[in-house]
Structure formats: structure tokens, C-alpha cells
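Listed here are the chains, written in short residue letters.
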Amino acid sequence: MDQATISQEQLRHRLGIPPNFRIPNDFNERPVKNVLPPAANKPTDAEFFRINNQGKRMPNPFFLKDHFFREGRLTEEQALFIVEHAKELLSSEPNMVDVKSPVTICGDIHGQYYDLMKLFEVGGTLEENTYLFLGDYVDRGCFGIECLLYLYSLKLWFPKKFVLLRGNHECRHLTEYFTFKRECLHKYSERLYEACIQSFCALPVTAMVDGRFFCVHGGISPELIKISDIEKINRFQEPGSHGLLCDLLWADPIANYDEVDPSKLPRDSFVHNETRGCSYNFTYTASCQFLERNGLLGIIRGHEAQDAGYTMHRKTPAKKFPSVITIFSAPNYLDVYHNRGAVLKYSNKNITIRQFNCSNHPYWLPNFVDAFTWSLPFVGAKITDMLLAVLSVCSQEELSEVDSESGDEAIGGIEPGMTPAEIQKRRQEIKNKIMAIGKMQKVFQMLRDESENATELQFDNDPVRSEGLSVQGTRMGQSIRSFDHARRIDLQNERLPEFTVPSPTATMFPVSSMRRASMDAEGMTMEYMIKKTLEAEGDDEGGVVEKIADRIARGRRMTSPPSGLKRHGTA
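Residues numbered from 1 in each chain as written. Predicted model: local features only at pLDDT ≥ 70, side-chain atom pairs only at ≥ 80, totals over all residues. Heavy atoms only, no water.

Helix and strand counts for the protein come out as 17 helices and 16 strands. Counting all 571 residues of the protein, 50% fall into the buried class. Long-range contacts, defined as pairs at least 24 residues apart, comprise 74% of the intrachain contacts of the protein with a sequence gap of at least 6. If you sum the accessible surface of the protein, you get close to 27,900 Å²; carbon and sulfur atoms cover 52% of it. (Helix = DSSP H or I, 4+ residues; strand = E, 2+ residues; numbered from the N terminus. Buried < 20%, exposed > 50% of the residue type's maximum accessible area, 1.4 Å probe, protein only. Contact = heavy atoms within 4.5 Å. Areas by Shrake-Rupley, 256 points an atom, 1.4 Å probe, with all protein chains shown as cover.)

This is how it looks when you write it as C-alpha cells:
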């Protein structure tokens, strides 16, 4: 056996490499060749631009599709070109866009770019139909800016073939609370984020398909009597927490919408939407009255995750057609819902639902942090454990003894002739330093728990909390038992958030919540959480840290071997 073969076998043994894995001669070679490397270079203007049929120089969506698929980025000027020109085009459209069939109607996307590619596969070619999107292109998924830039580029290239409506997430309030702003800052700049916010205000809010189907992101409103009322809306603004614009983006069918027993239904056609914290839940009666007043066949909306990707609600009494159809086009929403995505195809007076499953996508750490920053709490927790283990060089029995024989000469810093008060002060100083290490251990443990909780879903009082997502491979999907389970623990994120954006401050350990960088599930900042952890009293399990600190401060000579370091699993 030659030396090269021996070295290969030794390397496999030492590194634990499986026998069937080939060690590459060139370590720049990709081990998994069917996974393309990320696009490292930003496109040149020759690649980015292309002359369209009208002789105008426009962004090339055919190039961008593959470029974004490989996680490529644009220059800031190229991204701004897309957003600003899309805003100009969208601003010229009315509040309600007329759409002719055949049409493919798509629900929420939520930054799932790789599922958007699958959507176009099942939705059909542009020669066959028009695409109508019902909003929510960004937030919660990690590829919101790619979804937005690609859809805007398609809109610029095929202005009549793509209709983009506004969703409730296309606003400053939600994009600051969830992930889109941080995504823009990480991948591009605040300048691009502000341009995106301006473009959101230009998005139309409703569409009418063949004069028969009312299409909107959320739902109807008690202020929406006639279709003509929509043209009176000033859509070029941040949506408020009430009013017609808010309702079009936020309203939902009532939970028992399909109930036929009148005694189980509310008296009013519209009731306050407790789940959202704003707008209304509308009833079957409200939908039928709206459709009858305006001579329409049905309402097509998005806004709510659906297990099958769609739901057809109770039919109208007159035309026997579903009064409301909900479409959701983000399969396996948040990587945990286990739902299917769907699009609605309407052609030749026939409706077809096309379902599709989720696609694999690259993984991002929470809040787009790098691996080094994300690992700092883990490293800090290990260091503080080590320091306490070094200090704890005595047994539990020794820690419990009353120290009646320790002498002041063992205390570092005690000088002959010091008064009892000065000796006591020195003892307290030493004790405080040891206690500080114990408190820092709590802080790092809290930060470590936050880093491992890499999810937006809320597990308050839920027994599955301990089984939550960890980046070491314990997928959240193993903990979520069903679609209904995922939706139940995610209800808090469906509400209109009430929060104040804090002034930007540098933080060494960003919160891992995918919601915001500086907010936890209850709106508390990381700085506040650290402060409360440091101020907490009585959390030292068994008082071990305090006993160690008191023993060292009193000068007890500890000769027993140190206890082993506590090994924290990270799976």
C-alpha cells in the first residue's frame, strides 16, 4: 500500500468521513455537483438590460430568473431602476384593474422565490393567459426582494400580462416588524427599501375579471356599497388601521362562514376581526348582498393560509357559485405549515384549481446573520461554564459547610493592618465579581436559547416548545403536528402589530426571531431582555454560584478536583 493510500485512509478515519465519500483532489471542487454555486458576480449592464418589442431598454426578466435562482444580486442602481420604473407604471393604473380571461390568479407568495418558480410552471405560459397576483409578495420568507424585483421586471416587460395588487404586507408598518426591511438592508441598502415602500403605495388594490369576479387581497367592507366606491380611495399612502383601504387588505370571512343554522350566526353582517386586531370579519350574508348589489358572480381573495392551497366557500342562493374563493400560493408556508400551494385558472367560463408542492430552497440563518455572529452566544455560554467550573474546585459538601476556620490571609488583596470593614468590603468585591460571571452565564444561556429558536411561530404554553427548530438539524417540521397546529401557534403573527420602531443601536448578539432584529415575541428589545436577566434574583439553581462566590471571598482553600463542564447539546 503506497503512502498516498495510507494518507487517504488515515484522513478518513481521523475525520470520520464515510468510505463512499470521495475526497476531492481540488478542494474548490463542489462535493454536490447538481447544486450550482451561488452567483458571485453582479450582472453587467449588457446582461441586465434588453431591448423589448417597443424598442425600450428594460430589465431582462429571462436573465434575472436564473440569476436570482442562484442567489445572485444586482447592483443598487440596477435594483432601483426596476423598482422606480415599476412604480411609475403602477401609478398609471386605476385602483381597480380590468382583467380579461384567460387568467391565472395567484395568492400570497411571502418571499418564497423557489416556490414562485414552481407556480409559473403550473400556471401556464403567457401566450395562454394573464397572471393576476393578489399581493403579499414579501415578508416572512427569505427571498422577498428577489420575488419583488422579478415580478416587477415581468410587469415592466409584459405590462398587460401581469397585474399586481397590493397585500397587507406591502406597507412600511409590517415590513419593519417582520423581515423585509432587514432583508433589504442586508442584501442592498435602506435607499432601495425606501424605494420599495414608495412602489407599494402605487400598487392597485382590486381587480375585476371579465366583469364577474371581484379580486382583492383581504375582503369586503361595510363602506364598500358600490364598486365605484373603490375609485374614490386614495391608495397612494400607508394603510391605516380602519377604513375602506384597510378592509380591502385585512378583512377575512368569519370563522363559521359556511354555517347554515341562523341561530349560530351573528346578527351583524360585519363583526370586528379579533384575529387581525383591525378591520372586519364578513359573513355569508354580507358577501351575497355585495355580489347582488353589483351584479357579480364571486369574490376571489388571498390573505389566509389554506391547507389545500385553496378553499371554496358556501355557494350563493341565486347563481349556485362559491360566494368566496380563497387562494394561497405559498406551499409549506414558513417551512412548517405542510400546506400545498394553489393557483386558480379561469378560461372559457371554467374554473380550474392547480395545486403544487413546495420546492427546495437555500437556507438562511435568522435575520440574515452570518454564522460567526449567530454562534457568539454559544461560545459565550461555554466560556462562562468553563470559568465557573474552574472556580468550583470544591465539592457540594464543602460549599454547604459553615466556614468558621477560613483566614483572611487567603484572600487576594488583603493587606496587614486592614480594618474589619475594609476586609469585609474586599470580600464583597470578590464575591460580586464571581456573581457577575454567574449572571453572565444566564445571559449567554438566554441568548443561546434565542438563537436556537430560529422561528417566528409562537410556542407560549405549548408542550412542543422544547422540540422547536434548531439549526443543527432538528427541523421545526418534526414538531408541527398538522396544518391546524401550525396555524394555531402562528396566530399572534396574523395580527396588525402594535410596536414602536426603536432607534437603531449596535448590538453584538441580534435576536434570532425572524420577525425583527430587535424585537422578541412580546415586543421586548434584546437590550431589555439582557437587563432583566442581569437583574433577576434567585434564579441561581441551588445557589451554587453564590456559594462558590462566598467561599472564594472568604478565602477557603479548595483542593478537590473541579467538577466537569456541563455539556449543552445544541441539537
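A separate point is the confidence of the model for the protein. The share of residues in the protein with pLDDT of 70 or more is 75%, and the mean pLDDT across the chain is 82. Long-range and interchain partners of residues 460-475, a stretch whose pLDDT sits below 50, account for 36 contacts in this model, where long-range means more than four residues apart. Low pLDDT (under 50) marks residues 505-524, which in the prediction has 64 contacts with non-local residues, meaning those over four places away or in another chain. (pLDDT = per-residue confidence, 0-100.)

For the rest of this paragraph, the subject is helix 11 (residues 284-294). For helix 11, the complete set of buried residues consists of Tyr-284, Ala-286, Ser-287, Cys-288, Phe-290, Leu-291 and Asn-294. The inward-facing, buried residues of helix 11 abut strand 8 (213-216), strand 10 (270-272), strand 11 (280-282), strand 12 (298-301) and strand 14 (324-327).

Turning our eyes to something else, we now look at helix 6 (residues 144-157). The terminal C-alpha atoms of helix 6, which comprises 14 residues, lie 20 Å apart, in line with the 20 Å expected from a rise of 1.5 Å per residue. Taken across its 14 residues, helix 6 has 14 buried, putting it largely inside the fold. (Expected span 1.5 Å × (residues − 1).)

Right, let's get into the packing of helix 6 against helix 9 (residues 190-200). Put simply, helix 6 and helix 9 touch, their axes get as near as 13 Å, and they point 55 degrees apart. Classified by the angle their axes make, helix 6 and helix 9 are oblique. Where helix 6 crosses over helix 9, the two elements pack in a sense that is left-handed. In this structure, helix 6 contributes Ile-145, Leu-148 and Tyr-152 to the contact, and helix 9 contributes Leu-192, Cys-196, Ser-199 and Phe-200. Tallied by class, residues from the contact of helix 6 with helix 9 come to six nonpolar, one polar and no charged. (Axes fitted to C-alpha atoms, helices over the stretch in contact; angles between N-to-C directions. Parallel < 35°, antiparallel > 145°, perpendicular 65-115°, else oblique. Left-handed = near helix turned anticlockwise from the far one by under 90°. Nonpolar A, V, L, I, M, F, W, Y, C, P; charged D, E, K, R; others polar.)

Evaluation of the coordinates by the stated rule reveals 31 aromatic pairs. When the ring of Phe-133 is compared with that of Phe-162, the centres are 6.5 Å apart and the planes differ by 10 degrees; the resulting orientation is stacked. Highlighted residues: Phe-133 in strand 5 (residues 130-133) and Phe-162 in strand 6 (residues 162-164), separated in sequence by 29 residues. Judged on exposure class, the residue Phe-133 and its partner Phe-162 are both buried. (Phe/Tyr/Trp six-rings, centres within 6.5 Å; stacked < 30°, edge-to-face > 60°.)

Attention now goes to the packing of helix 3 (residues 61-69) against helix 5 (residues 113-123). Two numbers describe how helix 3 lies on helix 5: the axes approach to 10 Å, and their chain directions differ by 135 degrees. Taken together, the axis directions place helix 3 and helix 5 in an arrangement best described as oblique. Viewed along their axes, helix 3 and helix 5 form a crossing whose handedness is left-handed. Residues Leu-64, Lys-65, Phe-68 and Phe-69 of helix 3 pack against Tyr-113, Tyr-114 and Met-117 of helix 5. Across the contact of helix 3 with helix 5, the residue classes break down as six nonpolar, no polar and one charged.

In space, the six strands of this open sheet follow the order 3-7-8-12-14-13, with mixed pairing throughout. Edge strands, defined here as strands with exactly one partner in the open sheet, are strand 3 (96-99) and strand 13 (310-312). Taken pair by pair, the neighbouring strands of this sheet meet at an average axis angle of 20 degrees, ignoring direction. Alignment of strand 13 against strand 14, held across three bridges, turns out to be antiparallel. Opposite Thr-311, over in strand 14, you have Thr-326 as the bridge partner. (Pairing = 2+ DSSP bridges.)

Taken as a whole, this structure holds 16 salt bridges when the rule is applied. In this structure, the salt-bridge partner of Arg-487 is Glu-304, at a minimum N-O distance of 3.1 Å. Here Glu-304 lies in the loop between strand 12 and strand 13 and Arg-487 lies in helix 15 (residues 483-489), a separation of 183 residues in the sequence. For Glu-304, a relative accessible area of 14% translates into the label buried. One connected set of salt bridges, linked through shared partners, spans Arg-140, Asp-252, Arg-276, Arg-301, Glu-304, Arg-487, Asp-490 and Glu-494. (Salt bridge = Lys/Arg side-chain N within 4 Å of Asp/Glu carboxyl O.)

Attention now moves to the pairing of strand 4 (residues 103-106). On a regular strand, one side chain projects to one face of the sheet and the next to the other, so that they alternate. Side-chain alternation along strand 4 places Val-103 and Ile-105 on one buried face and Thr-104 and Cys-106 on a second face that is also buried. In terms of handedness, the path from strand 4 via helix 5 over to strand 5 forms a crossover that is right-handed. (Right-handed = clockwise from strand over helix to strand, strands pointing away.)

With respect to the helices, strands and loops of the structure, Asp-108 is situated in the loop between strand 4 and helix 5. Within the buried set, Asp-108 has no salt-bridge partner at all; the shortest N-O distance to an opposite charge, 7.2 Å, is to Arg-276. With near-sequence residues (within four places) excluded, Asp-108 lies in contact with Gly-135, Asp-136, His-217, Gly-302, His-303, Ile-327, Phe-328, Ser-329 and Ala-330. (Lys, Arg positive; Asp, Glu negative; His and termini not counted.)

Strand order across the open sheet formed by five strands is 6-5-4-15-16, with mixed pairing between neighbours. Two strands close off the open sheet at either side, each with one partner strand: strand 6 and strand 16 (350-356). With direction set aside, neighbouring strand axes in the sheet form an average angle of 20 degrees. Where strand 4 and strand 15 (residues 341-347) come together, four bridges link them in antiparallel fashion. Looking at the pairing, Cys-106 lines up with Val-343 of strand 15. Seen against the sheet, helix 5 touches strand 4, strand 5, strand 6, strand 15 and strand 16 and runs at an angle of roughly 140 degrees to strand 5. Set on the sheet, helix 6 makes contact with strand 5 and strand 6; between it and strand 6 the angle comes to about 130 degrees.

On to the state of the cysteines. Summed over the entire model, instances satisfying the criterion amount to zero disulfides. Unpaired in this structure, Cys-201 has its nearest cysteine sulfur neighbour in Cys-171, at a distance of 8.9 Å. (Disulfide = S-S within 2.5 Å.)

Right, let's talk about a nonpolar patch on the surface for a bit. The grouping of Val-379, Ile-383, Met-386 and Leu-387 at the surface amounts to a nonpolar patch, some 320 Å² of accessible area in total. For Val-379, the position within the fold is in helix 12 (residues 371-391). (Patch = residues over 30% accessible without salt bridge, like charges linked within 9 Å, V, L, I, M, F, W, Y side chains within 5 Å.)

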